[in-house]
Amino acid sequence: MLTDAYGRGVTDLRVSVTKRCNFGCVYCHDEGLGPVARPRARHEEEITIAEVERLAAVAREFGIRSVKFTGGEPLVRQDLESLVSATVPRIPDVSLTTNGSMLAARAEPLRDAGLKRVNVSMDSIDPEQFRSIRGGALAPVLRGIRAALRAGLTPVKVNMVVFRPTLDNLPALIDYVGGTEGLKLQLIQFMPELVPRRDWAVDIGSVRRWLEENASRVRVREMHHRRVYRFDRAEVELVDPVDNPEFCSNCHRIRVTHRGELKGCLNRDDDLVPTRGLDDEGLRDAFRRVITRRVPYYGGFVTHLVPLPQVGTGGRASPVDRSASAPAGPGRS
Ligand code: SAM
Ligand code: SF4
């Protein structure tokens, strides 16, 4: 396994297969690479099936265990099934994050290609509010979720971004996932770093307190140390990266951009390592380079943190300083 200078072994690969999208979410960070492009925009630069296949082969050599396809909207790509089937023989644990709007017709073909699970982003079950946040229609997304359940792409995680406009939607979303076997709710803290609306950020501590007070049971997942809240028949997980050094110290993921560059952190674009045209040894070096440059973003971009002396194999304690003062962010208390 490749381990960075902070003792974080890398086990997951998140591959953005396109920058194009048929929605226009008000909060979209698009992997930190600027605004999404329209579905019919030129896209010659997008990562190819052969490139994904080679990246997966090298990732497997380095002990990477799971791949998640994302975007932009990955279902804009008509060859997503082929991207999945090219990956599965190398890394069987392949999942997808999608806006769900084109999932209904493709859930079965994707399952047949080897896809295991799907996350569908849905911040509201009110069609008008949904459209005002995501710039698209809710009904096809609900059909997509039902098709994913039927195809066995479970658990289907419903991703809800928690920001000011969606805060009041929590009870309704909890009821929605609780009412259907196979669904889970994943609450994602709005990340204001990449979108110029810091005033949308909410006090995530109060959301956590609300969950703790209202859930019937709380457990901490081993992976990522995330808390999982049980509400009657609904399971709810909170992903709260912002200003959270513990989140970054538990981050075991590297990313691939739609142009095939390796990327060490969602919140950085100064660490891209191109891979196009490299031979196998060059590709291995690219993985080593991006991992050497990985720095925990929250709590890590402070100069007094001292990384471990060299990149090596796993098992080291993280030196992330939990007392480090996090960057200030308006709208949060
Ligand atoms: N188009 C797909 C979708 O919407 O699910 C995949 C790409 S999208 C960039 C991946 C996830 O990031 C979605 O769940 C989306 O809601 C979330 N997301 C986008 N911008 C965000 C932000 N500023 N803060 C938190 N989550 C965000
Ligand atoms: Fe961004 Fe996904 Fe929304 Fe498209 S659907 S605008 S990629 S968050």
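Whatever comes next refers back to the structure up there.
Scope of this entry: the structure provided in the associated data block. (Residues numbered from 1 in each chain as written. Chains lettered and ligands numbered in written order. Predicted model: local features only at pLDDT ≥ 70, side-chain atom pairs only at ≥ 80, totals over all residues. Heavy atoms only, no water.)

### A short note on the environment of glycine 100
Applicable threshold: Each helix corresponds to a stretch of at least 4 residues labelled H or I by DSSP, and each strand to a stretch of at least 2 residues labelled E; elements are numbered beginning at the N terminus. Note on exposure labels: buried denotes an accessible area under 20% of the residue type's maximum, exposed denotes more than 50%, and partly exposed covers the range between, all computed with a 1.4 Å probe on protein chains only.
Mapped onto the fold, glycine 100 is located in the loop between strand E3 (93-98) and helix H3 (107-113). The class for glycine 100 is buried, based on a relative accessible area of 0%. In the structure, glycine 100 is positioned 19 residues away from asparagine 119 in sequence and 8.4 Å away in space, judged by C-alpha atoms.

### A word on helix H5 (residues 139-150)
The condition is simple: Here, expected helix span is obtained from the residue count minus one, scaled by 1.5 Å. In what follows, residue pairs with any heavy atoms lying within 4.5 Å of each other are defined as contacts.
Between the first and last C-alpha of H5 there are 17 Å, a value that for 12 residues agrees with the 16 Å anticipated at 1.5 Å per step. Looking only at H5, the buried set comprises Val141, Gly144, Ile145, Ala147, Ala148 and Leu149. Of the surrounding secondary structure, the elements contacted by the buried residues of H5 are H3, strand E4 (117-121), helix H4 (127-134), strand E5 (156-162), helix H6 (170-178) and strand E6 (183-189). Backbone geometry just after H5 places glycine 152 at a positive phi near 80 degrees.

### Quick look at the site of ligand 1
We count it as follows: Being near a molecule or strand, for a residue, means having at least one of its heavy atoms within 4 Å of it. Under this definition, polar contacts are N or O atom pairs within 3.5 Å; protein pairs additionally need one hydrogen-donor-capable and one acceptor-capable atom, and for neighbouring residues in sequence, both atoms have to be side-chain atoms. Accessible areas in this description were obtained via Shrake-Rupley with a 1.4 Å probe; residue shielding takes into account the shown protein chains only.
Around ligand 1, the surrounding shell holds 19 residues, and the nearest of these are Tyr27, His29, Gly72, Ser121 and Met191. Here tyrosine 27 contributes a backbone N or O atom positioned 2.8 Å from a nitrogen atom of ligand 1. Between a nitrogen atom of ligand 1 and a main-chain N or O atom of histidine 29, the distance comes to 3.0 Å. About the coverage of ligand 1: the protein hides 95% of its 550 Å² of free accessible area. Elements represented by at least two residues in the shell around ligand 1 include exactly E3, E5 and E6.

### Description of the environment of leucine 33
Topologically, leucine 33 is positioned in the loop between strand E1 (12-16) and helix H1 (49-61). Accessibility expressed as a relative area gives 19% for leucine 33, which makes it buried. Once the C-alpha coordinates of leucine 33 and asparagine 267 are considered, the two residues, 234 residues apart in sequence, prove to be 9.3 Å apart. If we ignore the near neighbours within four places in the chain, the residues touching leucine 33 are Lys19, Thr257, His258, Lys263 and Asp269.

### Description of the pairing of E4
Counted only if it meets this: The pairing criterion for strands is at least two bridges between them, as found by DSSP.
E4 sits mainly inside the fold: 4 of its 5 residues count as buried. Pairing of E3 with E4, which is carried by 4 bridges, proceeds in the parallel orientation. Residue leucine 96 lies in a different strand from E4, and its bridge partner there is valine 118. Pairing of E4 with E5, which is carried by 4 bridges, proceeds in the parallel orientation. Looking at the pairing, asparagine 119 lines up with lysine 157 of E5.

### Brief notes about helix H7 (residues 204-214)
An α-helix turns once every 3.6 residues. As a result, residues three or four positions apart point the same way. Quick reminder of the rule: Directions are taken from the helix axis to each C-beta atom, and the arc is the one they span.
Among all positions of H7, only Ile204, Gly205, Val207 and Leu211 are buried. Taken around the axis of H7, the buried residues stretch over an arc of 160 degrees, which confines them to a single face. If you follow the buried residues of H7, they end up packed against E5, H6, E6, strand E8 (227-231) and strand E9 (234-239). Of the residues that open H7, the one with a side-chain oxygen 3.0 Å from the backbone nitrogen of glycine 205 is aspartate 203.

### Observations regarding the pairing of strand E10 (residues 253-256)
Pairing of E1 with E10 involves 4 bridges; the strand directions are parallel. If you follow leucine 13 over to E10, its bridge partner there is isoleucine 254. Examined bridge by bridge, E10 and strand E11 (residues 262-263) share 2 bridges and lie antiparallel to one another. Of the residues in E11, the one forming a bridge with arginine 255 is lysine 263.

### Quick notes on the sheet that holds E6
So the rule is basically this: Axis geometry follows a simple rule: fit a line to the C-alpha atoms, using only the stretch in contact for helices, then measure angles between N-to-C directions, giving values from 0 to 180 degrees.
What the 11 strands build is an open sheet, ordered E7-E8-E9-E6-E5-E4-E3-E2-E1-E10-E11; its pairing is mixed. A strand with exactly one partner marks an edge of an open sheet, and here the two such strands are strand E7 (217-220) and E11. With 7 bridges joining them, E5 and E6 adopt parallel strand pairing. Note on E6: the bridge partner recorded for valine 161 is isoleucine 188. Seen against the sheet, H6 touches E5, E6, E8 and E9 and runs at an angle of roughly 150 degrees to E6.

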